[in-house]
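# Structural features, examined
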Amino acid sequence: MLKISDIVGYPIVCNDQKKFRGEVKDAVLDLKNCTLTGLIIDYGSLIHHTRVIPFNSIYKINRNNIMVRFKKNILEIKNMDLNKYFIKKNEKILGCEVIEDNGKLLGFIQDIIFEEKSGNILGLVLTNGMIDDIFNGIQILPINNSIIFEKEKIVILRDTKNDILKNIGGLKKLLELEH
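We now turn to the structure provided with this report. It should be emphasised that the depicted structure is a prediction, and the values quoted were computed from it without experimental measurement. (Residues numbered from 1 in each chain as written. Predicted model: local features only at pLDDT ≥ 70, side-chain atom pairs only at ≥ 80, totals over all residues. Heavy atoms only, no water.)

## A short note on the overall build of the chain
Scanning the chain from N- to C-terminus turns up four helices and 16 strands. Scored against the burial criterion, the 179 residues of the chain give a buried share of 44%. At a minimum sequence separation of 6, the contacts of the chain that also span at least 24 residues come to 49%. (Helix = DSSP H or I, 4+ residues; strand = E, 2+ residues; numbered from the N terminus. Buried < 20%, exposed > 50% of the residue type's maximum accessible area, 1.4 Å probe, protein only. Contact = heavy atoms within 4.5 Å.)

## Considerations on the pairing of strand 6 (residues 58-61)
Where strand 6 meets strand 7 (residues 66-68), three bridges bridge the pair, whose relative direction is antiparallel. What sits directly across from Ile 58, in strand 7, is Val 68. Counted between consecutive antiparallel strands, the loop separating strand 6 from strand 7 contains four residues. (Pairing = 2+ DSSP bridges.)

## Overview of the packing of aromatic side chains
All chains considered together, the criterion is met by one aromatic pair. Here the aromatic rings of Phe 55 and Phe 114 are separated by 6.3 Å at their centres, their planes lie at 90°, and the arrangement is edge-to-face. Highlighted residues: Phe 55 in the loop between strand 5 (49-54) and strand 6 and Phe 114 in strand 11 (residues 105-114), separated in sequence by 59 residues. The residues Phe 55 and Phe 114 share a single accessibility class, namely buried. (Phe/Tyr/Trp six-rings, centres within 6.5 Å; stacked < 30°, edge-to-face > 60°.)

## Side note on unusual backbone geometry
In this model, Cys 34 sits at a positive phi of 55°, which is unusual for a non-glycine residue. By relative accessible area, which is 17% here, Cys 34 ends up buried.

## Digging into the nonpolar core
Counting residues in each nonpolar core, the largest one holds 37 residues, and the members touching the most others are Leu 29, Ile 61 and Ile 66. Here the element with the most residues in this core is strand 11; it accounts for four residues. (Core = buried A, V, L, I, M, F, W, Y, C linked by side-chain atoms within 4.5 Å.)

## Details of the side chain of Thr 35
For Thr 35, the position within the fold is in strand 4 (residues 35-43). Residues contacting Thr 35, with those up to four places away along its chain left out, are Val 28, Leu 29, Asp 30, Gly 119, Asn 120 and Ile 121.

## Things to note about the environment of Gly 107
Of note, Gly 107 is situated in strand 11. On the basis of relative accessibility, which here comes to 0%, the residue Gly 107 falls in the buried class. Linking Gly 107 and Ile 138, residues 31 residues apart in sequence, is a C-alpha distance of 10.0 Å.

## Observations concerning the side chain of Asp 111
Positionally, Asp 111 belongs in strand 11. Here the side chain of Asp 111 touches Ser 5 through a polar contact of 2.2 Å, side chain to side chain. In contact with Asp 111, not counting residues within four places along its chain, are Lys 3, Ile 4, Ser 5, Leu 94, Leu 124 and Val 125. (Polar contact = N/O pair within 3.5 Å; in protein donor to acceptor, adjacent residues only side chain to side chain.)

## Section: the environment of Asn 62
By the element assignment, Asn 62 lies in the loop between strand 6 and strand 7. When the C-alpha positions of Asn 62 and Ile 7 are compared, they lie 9.6 Å apart, and in sequence the two are 55 residues distant. Among residues more than four places away in sequence, those in contact with Asn 62 are Tyr 10 and Met 67. Within polar-contact distance, the side chain of Asn 62 engages the side chain of Asn 65 at 2.7 Å.

## Some points on the pairing of strand 10 (residues 97-100)
The pairing of strand 10 with strand 11 spans three bridges and is classified as antiparallel. In the sheet register, Ile 99 faces strand 11, and the bridge partner there is Leu 105. With antiparallel pairing between neighbouring strands as the criterion, strand 10 and strand 11 make up a hairpin whose turn holds four residues, including Gly 103 at a positive phi of roughly 95°.

Dropping the structure here:
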């Protein structure tokens with residue numbers, strides 16, 4: 001399991017040439033199928049180019065880089081079939097509200113957790129602000145069938161609220177102020 005923020009900045013290396021080909025700048029998500037469908041990269045020294053690597057073209061995600069089998073797997077964005085369900089993580093989903101179906105605000109999306117072999121989105125990291133995160137810890141909302149991705153917000157059914165993993169870290173847990 002990795003968070004998308006963990007791999008932003010990772011260098012891209014082509015396995016066929018053992019050569020640096022840029023670094024990860026963002027991710028392309030398919031919210032309908034809950035998958036990471038590609039990585040947006042930036043490369044070039046004087047003239048920068050933005051390209052995309054379809055997730056199924058990624059050979060391996062290491063602790064310090066991402067390997068693509070062939071240079072030809074790095075595509076121009078216009079050559080990737082992006083439909084209306086695909087969004088860039090940094091543009092559309094970070095900071096998005098997560099609410100219950102009764103309208104109660106649960107938090108805002110801070111990051112996305114995915115499985116590095118399949119690209120499946122496993123969960124959403126929620127925040128209620130830096131102070132609250134420091135004191136209470138972060139929350140993780142596992143992805144399941146009762147999450148509705150709307151244009152400006154994410155709606156979960158009231159029963160799903162119990163699935164949220166709470167107090168991951170935080171001073172409250174560290175100081176054992178909560179039992």
